[in-house]
Amino acid sequence: MNKFAWLGFLGGLAGAGPVFGFVIPLADRVPCVVADRQDFEMPDRVRLDGWIGARIAGNEDVRLVNLDINRLLEGYRHRPGRQSWDGEHVGKWLHAATLAWVNTGDPKLRAKLDEAAAELARCQLADGYLGTYVPKDRWTEWDVWAHKYNLIGLLTYVHFTGNTAPLETCRRMGDLLCRTFGDRPGQRDLIEAGYHAGMAPTSVLEPMVLLYRMTGEKRYLDFCRYILRAWEQPNGPHLVSRLRDHQGVNRVGNAKAYEMLSCLNGALELYRTTGERELLAAGLNAWQDIVDNQLYLAGAASVRERFTADHELPATDAVGETCVTVTWLQVNAQLLRLTGEARFAEQLERVVLNQLLGAQQPDGAAWGYYVQMEGKKLYTATLDGQCCLSSGPRGVALIPTFAVATDGDGVVVNLYDDGRASLVLRDGTAVALAADTLYPADGGIRLTLTPAQSHGFSLKLRIPAWCRDASARVNGAGVPLARGADGYAAIRREWRAGDTVELQLPLRARVVLGDHLEAGRAAILYGPLVLAADEALLAGTGQRVSTISLPATDPVELGVTPVPEPEAVRTWPHALAFRVRVVAGASAPAVEKGDVIATPLIPFADAGGTGSRYRMWLPLTGSIRNPNLLLTGQASCSDPNFDATGVNDDDGHDRGWVEETPRAGEIWFAVVLEKPVAMRRIVFVHGRTEDDGGWFDASAGKPRVQIRRTVHGEWETVGALADYPATTAREAGSLDAGRRFELRLPATVTAEAVRIIGVPACGNRPESSAASCSELQAFAE
């Protein structure tokens with residue numbers, strides 16, 4: 001019986017439902033020089049059925065299989081597309097949908113894959129061009145980028161389906177790139193063919209490496225080496241040299257995170273292929289810098305799509321781009337395979353259980369672009385206007401490839417979820433693995449191993465860094481758990497069919513104190529889960545996520561208690577919420593300001609799933625002096641479609657932005673209170689200053705502070721921001737992002753609403769204008 005027949009047999013033995021091992025991938029013509037320490041696992045060998053598994057199922061059943069192929073191909077059939085990057089969606093879909101089909105064997109999805117691959121190939125022009133641009137605009141913005149994703153999508157399809165018809169389409173794309181770009185006379189500079197210091201077009205490195213391995217054509221490898229040279233040109237991002245020398249990701253190119261991580265994935269793929277060690281060094285140094293200086297608690301990275309100054313990680317202001325989340329996941333998966341070290345799997349659990357699933361609408365139908373640490377999750381299901389909607393499904397579809405794996409010693413468990421796997425060890429021995437668990441709702445995990453015959457090998461278990469007292473029993477007898485040099489706890493023995501391992505990872509609450517921009521705040525975690533307050537669960541308390549604070553930093557004093565997640569927000573039958581003692585910052589019918597009340601927090605991945613506001617970092621009660629009187633109010637602005645939540649959340653690092661097109665009148669930001677309060681000092685914090693506006697035009701009058709004394713009363717100007725700089729419609733002058741302006745009133749006033757109002761600026765884009773507000777505050781003294 002061959003190994004694939006064994007996989008089918010063991011799949012049935014493990015009760016996994018669909019037959020495992022039905023896909024035999026197409027072999028590469030060129031073997032890799034560097035052997036992976038940990039194997040990429042075929043998605044059809046792993047079936048997850050717990051919380052992660054439910055999200056994987058939604059990704060396929062609700063999103064991928066229902067996407068309209070005609071919309072994906074529209075920009076190719078009728079060039080140009082709706083927006084300049086419209087061409088990337090079909091390749092991303094092919095990549096994610098192929099992996100999802102391999103995982104499930106869904107014939108409906110396979111039929112759609114065959115149709116999409118064939119129809120995309122028909123859109124290729126005679127010279128090999130497969131972008132969405134008209135001839136006069138070629139190679140100016142995002143069409144190399146679109147070729148990258150078309151190559152990734154089609155090569156993935158060819159590799160797993162064995163249908164080689166699209167391979168000729170890929171060759172013609174590759175040949176066109178090789179003819180067009182290079183450092184020989186008459187060729188174009190690839191760095192100049194797109195954005196972000198050339199990192200966008202040069203990220204085509206990854207599929208060009210794959211195309212070389214699949215075809216064996218040396219010209220594709222030569223093109224990859226040209227990209228390495230281009231990176232070090234004077235106009236290049238200096239990606240390898242700077243990272244090799246530990247200069248940090250925020251000093252590479254223009255620090256654009258998504259494009260840089262995409263390039264790193266290509267560099268690591270090239271290292272696997274050729275063994276050039278400086279490429280691995282660059283990847284490892286970038287990883288360490290991101291973990292040490294650029295990573296959010298939930299596993300996100302990027303502020304306004306870029307790596308920023310070390311530790312400068314605001315909770316809002318377009319942070320946590322999902323494209324960055326997915327490419328960060330890919331970098332960790334690459335390094336896990338190359339090194340076999342558990343530290344990369346640790347980051348994979350962190351990002352999957354928190355930021356990635358937090359970016360996915362719980363039913364899988366839509367995705368968030370920026371998924372911030374507080375605010376609202378603005379999910380969208382339409383491809384117009386954002387790229388993350390097509391990136392997110394790729395991240396989810398990749399999870400089965402690293403959740404469990406094999407290496408030279410045996411079986412490796414990286415993620416814990418209920419499910420089944422049928423694996424083949426490197427010596428050809430087939431092993432079925434069944435995991436029965438409610439993790440991350442429960443720390444008990446029962447693993448059942450069924451090798452095809454009794455066999456000696458290691459079972460490597462990842463013991464999370466947060467877990468200090470893990471324990472395990474094999475067939476009822478205790479065994480020691482000690483992390484080895486690779487970070488895993490290995491149990492080596494002669495395994496027989498039906499052997500069981502009972503692993504206990506005790507789940508406890510812990511409090512992380514904020515620093516830098518989050519000083520004076522704290523976040524609560526439970527096991528691997530980052531928790532958040534959700535306004536959907538504050539009903540009846542009279543509180544908002546911006547009005548509660550933590551009275552202590554000890555989880556015992558906070559009384560953190562797991563309870564079933566309320567039905568209104570429940571995304572999984574076993575999901576937990578966590579009751580926590582908080583201090584009320586606002587009076588309500590049944591609550592007085594300053595009362596200690598109990599309220600549930602929920603996992604960040606579920607928070608905001610109903611459209612409600614949420615918040616991860618909560619202020620410590622002792623850090624609040626002379627509190628902002630507007631915290632309990634309702635924020636709004638002159639644009640009814642803008643979520644003004646951040647205007648009164650006491651996080652001065654968000655950069656709320658309101659735009660008018662065409663330019664007309666004034667823009668305002670306001671906070672309305674439930675009842676009038678006495679105030680003496682009003683503070684406005686400027687948001688951001690961009691080339692296309694974002695400030696008030698002081699030549700038309702300094703921004704004014706207005707109050708409304710009674711409900712439905714008239715707005716009354718109480719002063720102007722006298723120290724606001726001498727800006728104009730086109731020039732911001734000395735105005736920097738986050739600058740604070742204060743109006744001290746000559747006497748205390750009582751008001752139920754406050755607003756800042758002025759004429760917005762247009763910058764270098766006269767057809768529209770914009771102003772921004774980071775914070776609007778009022779104080780009694």
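Rules used in this analysis
- Residues numbered from 1 in each chain as written.
- Predicted model: local features only at pLDDT ≥ 70, side-chain atom pairs only at ≥ 80, totals over all residues.
- Heavy atoms only, no water.
- Helix = DSSP H or I, 4+ residues; strand = E, 2+ residues; numbered from the N terminus.
- Rg over C-alpha atoms; globule rule 2.2 N^0.38 Å.
- Buried < 20%, exposed > 50% of the residue type's maximum accessible area, 1.4 Å probe, protein only.
- Contact = heavy atoms within 4.5 Å.
- Expected span 1.5 Å × (residues − 1).
- Pairing = 2+ DSSP bridges.
- Axes fitted to C-alpha atoms, helices over the stretch in contact; angles between N-to-C directions.

Turning our attention to the overall build of the protein chain. Helix and strand content of the protein chain: 17 helices and 30 strands. Computed over its C-alpha atoms, the radius of gyration of the protein chain comes to 27 Å, within 12% of the 28 Å expected for a compact globule of 781 residues. Overall size of the protein chain, expressed as C-alpha extent along the three principal axes, is 90 × 70 × 45 Å. Residues classed as buried in the protein chain amount to 61% of the 781 residues present. For the protein chain, long-range pairs separated by at least 24 residues make up 71% of all intrachain contacts whose partners lie at least 6 apart in sequence.

Here helix α12 (residues 257–274) is 18 residues long and its end C-alpha atoms lie 25 Å apart, about the 26 Å a rise of 1.5 Å per residue gives. Counting buried residues along α12, 18 of its 18 residues qualify, which places the element largely inside the surrounding structure. G275, located one to two residues past α12, shows a positive phi value of around 85°.

What the seven strands build is an open sheet, ordered β1-β7-β8-β9-β14-β11-β12; its pairing is antiparallel. Each edge of the sheet is formed by a strand with only one pairing partner; in this case those strands are β1 (46–48) and β12 (477–479). Recorded for the sheet is a direction-independent mean angle of 20° between the axes of neighbouring strands.

A word on the pairing of strand β6 (residues 410–413). Taken together, the three bridges between strand β5 (residues 404–406) and β6 define a ladder with antiparallel strand orientation. What sits directly across from A405, in β6, is V412. Where β5 folds back onto β6 in an antiparallel hairpin, the turn is made up of three residues.

With an omega of -5°, the peptide bond running from R79 to P80 counts as cis. When you line up the elements, P80 lands in the loop between α3 (69–77) and α4 (88–104). Note the cis peptide between Y439 and P440, where omega equals 10°. Mapping P440 onto the fold places it in the loop between β8 (430–437) and β9 (444–451). The phi torsion at A255 lies on the positive side, around 70°, for a residue other than glycine. When you line up the elements, A255 lands in the loop between α11 (239–244) and α12. Residue classification places A255 among the buried positions, given a relative accessible area of 7%.

Everything listed is a geometric property; what it means functionally is a separate question.
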